[in-house]
Amino acid sequence: MTATTPMTTTIEHVVHIDAMPSTVYELWTTPEGLCAWWGVTATVDPRPGGPIRVDIDGEHVMVGEIVEADPPHRLRFTFGWEGGELAPGATEVDVTIDAVGVDISRVTLRHHGLPVEFVESHVRGWTHFVGERLAEAAR
Amino acid sequence: MNATTAAAHVADPVDATDDAIDALAAALADPTRRGLLRLVRHDERSAGALAEAFPGISRPAVSQHLRVLHHAGLVEVRPDGNRRMYRARVQALAPVSRFIDEMWDDRLRRLKRAAEHLENGGPS
């Protein structure tokens, strides 16, 4: 699902996990936790202004700064790629972890500020110059 | 060589490579270039008109920004007399969102596995 504001798009993912929110939160906010699913090495200090850095595959390194840390339900951090591919601070990831049952968490991830407004806007009227292929690429 | 005639060199949204994504992201990581893109989003504009829209930036600098956008496939250019006319190539942006979307899809599956493994008392 996406929502569009000028020049940026938000990507949203929702996943249900058979685990307590605190377990999921730990996986986002400790180096060991981050290395269990996201990266090969990680640094994180989960408090506002603290760094979060995740080397995803030895080549792509996500660098950001914690914006909000409210254990075990909310984590927001800026997201960029080291080396300037996507400027650090340019986008923001917002993770919400809700308990929706006994030991069941719903994790909602929103990635804001992605520079892709056109992906949607073209569907609403850009086709006059981009053609069918554009609609295909947006799916 | 007139770089503006190399309009065929553009990123392909369907067969995007990592290089194409890198070029796109780098091109977008600059406020002037994003401003230029907005100006040519709906309307084709000449290089001169675009330079006038950024009075604080020298014409050579604006030209350089336009070259970066063009190299990334974000704008297309055509000659019109002695002017160069620019407009956005919106389809070039699709790979960035797709790359990020796929990354999260993949990683959140791993997050789920890791959390459920921990909760079931497996070795961490």
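Residues numbered from 1 in each chain as written. Chains lettered and ligands numbered in written order. Predicted model: local features only at pLDDT ≥ 70, side-chain atom pairs only at ≥ 80, totals over all residues.

1. Focus: the overall build of chain B
Helices and strands together make up the secondary structure of chain B, namely five helices and three strands. Along chain B, from the amino end to the carboxyl end, the secondary structure elements read α-α-β-α-α-β-β-α. Counting all 124 residues of chain B, 36% fall into the buried class. (Helix = DSSP H or I, 4+ residues; strand = E, 2+ residues; numbered from the N terminus. Buried ≥ 20, exposed ≤ 12 C-beta atoms within 10 Å, placed from the backbone.)

2. A word on the environment of Pro51(A)
Residue and element names in this part refer to chain A. Along the chain, proline 51 turns up in strand 4 (residues 51-55). Each C-alpha atom, one on proline 51 and one on phenylalanine 77, is 8.8 Å from the other, the two residues being 26 residues apart in sequence. In this structure proline 51 touches Thr43, Asp45 and Glu65, once residues within four positions along its chain are discounted. (Contact = placed C-beta atoms within 7 Å.)

3. Observations regarding the sheet that holds strand 3 (residues 83-88) of chain B
Spatially, three strands are ordered 1-3-2 (chain B) in an open sheet, and the strand pairing comes out antiparallel. Two strands lie at the open edges of the sheet, namely strand 1 (45-46) and strand 2 (75-80) of chain B, each paired on one side alone. (Pairing = 2+ DSSP bridges.)

4. A few points about the environment of Gly101(A)
With respect to the helices and strands, Gly101(A) occurs in strand 7 (residues 91-101). Taking C-alpha positions, Gly101(A) is 9.6 Å from Ala19(A), a pair spaced 82 residues apart along the chain.

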